Amino acid sequence: MQKDIDLAKYSKLFVAESRENLRTLNETMIELETKPKDKSLVDVMFRACHTIKGMAGMMNFKVITDIAHALEGVLNAVRDDIVEPTDEVAEAIFRGLDALEGRVASVERGEDVEEIPGLIEGLRIAASAKADKKRRKKTVKPIAVKEKAPKEPARAAAVVSGVYIKFGRRCAFPSARALVILKDLGKVANIVSSAPSEDEIDQEHVFEDFTVTLEPEKGFDNVANRIAAMPDIDEVRVGSPDKPMKDWRIVLDGGTRSAKTTADAPAVQTVKVGMDKLDELLDDVSELVIARSRLVERTMSHDDTSLDEISTHIDKLTSEIQAKVLGIRMIPLEAVMARFPRMVRDIAKDQGKQVEFIVDGGNIELDRTVIDRISDPIMHILRNCVDHGIETEEERTETGKRKRGLIRIVASKQQDHVLIEISDDGRGIDYDGIKRKAVAKGLIAQDHGDSMLARDLLDLLFKSGFSTKDGVSEVSGRGVGLDVVRKNVEELGGSVMISSSEGAGTTFSLWLPFTLAIIDAMLISIADQTYAVPMGVIAESHRFDSGEIKQIRTREIVQLRGEVLPVIRMRAFFGIPEASDDDDKMSVLVVQSRERRAALAVDDLIGHQQIVVKSLDSRLRRVRGISGGTILGSGKIALILDVDSILGA
């Protein structure tokens, strides 16, 4: 007799695994729409859907189990060629996936999982639509098989059998998997015992395999096959407890799967850790970095060999810990990109457009904080690309373009930043339309609009409440979108640019930092105040004689190996009087922001150091030239220069 087990502690695991499988279902369904004859895609979806159903059954979420089961029915009908994956069937499947996502979200919030009236019936109709049509065509023929009794294999319910299951090395939660399996077996058998016992499983004892003794009933073989198809299972055997296990019938050959796994990818042990714990760990490491800097600074002022050795060792260990913690926080960009194909597909469908969506560079990793904050900007840009950029099929045909529009996201590494370019091959931006809207809204005067440059007109698109759409729809028209893009990106210390060509499309370029936590910087001095400049924007440092500084009109310039660089005196930039000393040398940092290069004139170059980035108070975030602050080893505060804004980017 199975006892009641408290499964609430597995709800987080259920939500995480369900969302991973829902992501697989959405991505594969979108691919299936372009490859309707590829049955392997249906198999992938069926396995993911079945996993959700099994987990939901274990957690006693009947509504989720019923939805997943109905979706299985549709997928099975597609796999068996009973129905074709037409637009109507695809929409029914997507409605089912949306319903599952909503129910999983309810579980995460701790709310009751409510039914959706008519959903299950709609999925059943989708699974049988073509079958009904076939049956109607054959009504004139007698159905002789009705009188035949279905053949079923004879099975003695009282026979005791054993089931052996071995988990894969990558199975992170064998106890949760074991409970799912016991739940499935309990539906088609009377469970006599298990090793480890249910108490040991519930207490999450460490184990790699387990054996269940049971009295099988009708449907047992099907469940055994489903268990073998579960992820993280390496071996399944069924046999009599009276015989040696080597003589048991093999349902899944562990050696075959293990060999395949080893060939495809190395097995990696993983542990799921909450991001709040990683944030706390990073805060501790940040304090350790500051303390390390203070120790190194203090050691330099003492002639003590032993202290120097200890300081060097701690410096090395701190750097290694810091690099590993930052590496743990890095997440592939594809974690954000995975949610967008479905969104693009739905918006395009609503507007009667065909859109191909391509992502390149999804393996590039960014800090988790950056990943969390760029989701909304990318979403708004993609909505603009579909709604404003991509034309209707008729418009594209008239201009000689292919009917299916193209939206592409390309991510690439650029020094200490990542560049995300989101482009479409649509109609491009209507500059005259921007002028008309800006004049109508009173943002600019008519005569001023006629003389505005293209980049100034594009800048109007980022103003709150500004939209080139005449009407308001669910997608656009309210002027909320691009202002959110700029705000979120700039708060991350990045920037956004737009380039467009009429009739050829538009490209949005997002420049984002890899991490916001700890960076390499060059410490400089300006008027006895220490500042930090991120190393990623520094090309080199140099000292020029006063005679090498030339003046063109009102701008100072210097020549470096034939390249003319504008000079920006940082004292003048911050409104500080120039020094009155007679030094005929000028220390400069040659910095680069995208295509712009300049020479920043500073009082002195102090040296390279790793710094912990601290955000400024909200009242100071708009100060031009400053992006943040840091605490030095001496305990003093140094401001971090924002080279982008200094160069006018």
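Our subject is the structure that appears above.
Here's a quick rundown of the structure. Note that the structure is a prediction, hence the values are computed from the model and not measured.

To continue, consider the overall build of the protein. Across its full length, the protein holds 21 helices and 23 strands. Every one of the 649 residues in the protein was classed for burial, and the buried ones make up 42%. For the protein, long-range pairs separated by at least 24 residues make up 69% of all intrachain contacts whose partners lie at least 6 apart in sequence. When the accessible surface of the protein is totalled, it reaches about 35200 Å², and 50% of it is carbon and sulfur.

Within helix α13 (residues 340-350), the full set of buried residues consists of Phe340, Arg342, Met343, Val344, Arg345, Ile347 and Ala348. Buried positions along α13 lie against α1 (11-34), α4 (87-109), α12 (334-337), β7 (355-360), α14 (368-389) and β9 (405-414).

Another aspect to go through is unusual backbone geometry. In this chain, Ala195 is followed by Pro196 through a cis amide linkage whose omega measures 5 degrees. Within the secondary structure, Pro196 sits in the loop between β2 (189-195) and α7 (198-202). In this structure, Arg553 takes a positive phi of about 55 degrees despite not being glycine. Note on placement: Arg553 falls in the loop between β16 (550-552) and β17 (555-560).

The next thing to look at is the pairing of strand β11 (residues 495-501). With seven bridges connecting them, β11 and strand β12 (residues 505-513) associate as antiparallel partners. When the sheet's bridge partners are listed, Met497 is paired in β12 with Ser509. Taking the residues that link successive antiparallel strands as the turn, the β11-β12 hairpin has three residues, and the phi of Gly503 there is positive, at about 85 degrees.

Here we take up the packing of aromatic side chains. Both the distance between ring centres and the angle between the ring planes are used here to describe each pair of aromatic rings. Counted under the stated rule, the structure contains four aromatic pairs. With a centroid separation of 5.9 Å and an interplanar angle of 5 degrees, the aromatic rings of Phe167 and Phe210 are classed as stacked. Placement of Phe167 in strand β1 (residues 161-167) and of Phe210 in strand β3 (residues 209-216) is noted, with a sequence separation of 43 residues between them. Pair check on accessibility: Phe167 and Phe210 agree, each one buried. Every member of this aromatic cluster is reached through a ring pair, and the members are Tyr531, Phe573 and Phe574. When the ring centre of Phe46 is taken as reference, the NZ or CZ atom of Arg79 above it lies at 4.2 Å.

Of all hydrophobic cores here, the largest spans 74 residues; its most connected members are Phe14, Ile93, Ile165, Ile181, Leu185 and Phe210. When residues are assigned to domains, this core turns out to be shared by domain 1 (8-135) and domain 2 (146-264), each giving three or more. Excluding anything up to four places from it in sequence, Phe210 contacts Val163, Tyr164, Ile165, Phe167, Ala178, Ile181, Leu182, Ala195, Pro196 and Ile201. Core analysis: the second largest hydrophobic core is formed by 46 residues, Ala411, Met452, Leu461 and Ile498 among them.

To continue, consider the packing of α4 against α13. Packing of α4 against α13 brings their axes to within 13 Å, and their N-to-C directions diverge by 130 degrees. Considered as vectors, α4 and α13 are oriented oblique to each other. For the crossing formed where α4 meets α13, the hand is left-handed. From α4, Asp87, Ala90, Glu91, Phe94 and Asp98 reach across to α13, where they touch Arg342, Arg345 and Lys349. Its residues assigned to classes, the contact of α4 with α13 shows two nonpolar, no polar and six charged.

Calculation rules
- Residues numbered from 1 in each chain as written.
- Predicted model: local features only at pLDDT ≥ 70, side-chain atom pairs only at ≥ 80, totals over all residues.
- Heavy atoms only, no water.
- Helix = DSSP H or I, 4+ residues; strand = E, 2+ residues; numbered from the N terminus.
- Buried < 20%, exposed > 50% of the residue type's maximum accessible area, 1.4 Å probe, protein only.
- Contact = heavy atoms within 4.5 Å.
- Areas by Shrake-Rupley, 256 points an atom, 1.4 Å probe, with all protein chains shown as cover.
- Pairing = 2+ DSSP bridges.
- Phe/Tyr/Trp six-rings, centres within 6.5 Å; stacked < 30°, edge-to-face > 60°.
- Lys NZ or Arg CZ within 6 Å of the ring centre and 35° of its normal.
- Core = buried A, V, L, I, M, F, W, Y, C linked by side-chain atoms within 4.5 Å.
- Domains from an automatic or database assignment.
- Axes fitted to C-alpha atoms, helices over the stretch in contact; angles between N-to-C directions.
- Parallel < 35°, antiparallel > 145°, perpendicular 65-115°, else oblique.
- Left-handed = near helix turned anticlockwise from the far one by under 90°.
- Nonpolar A, V, L, I, M, F, W, Y, C, P; charged D, E, K, R; others polar.

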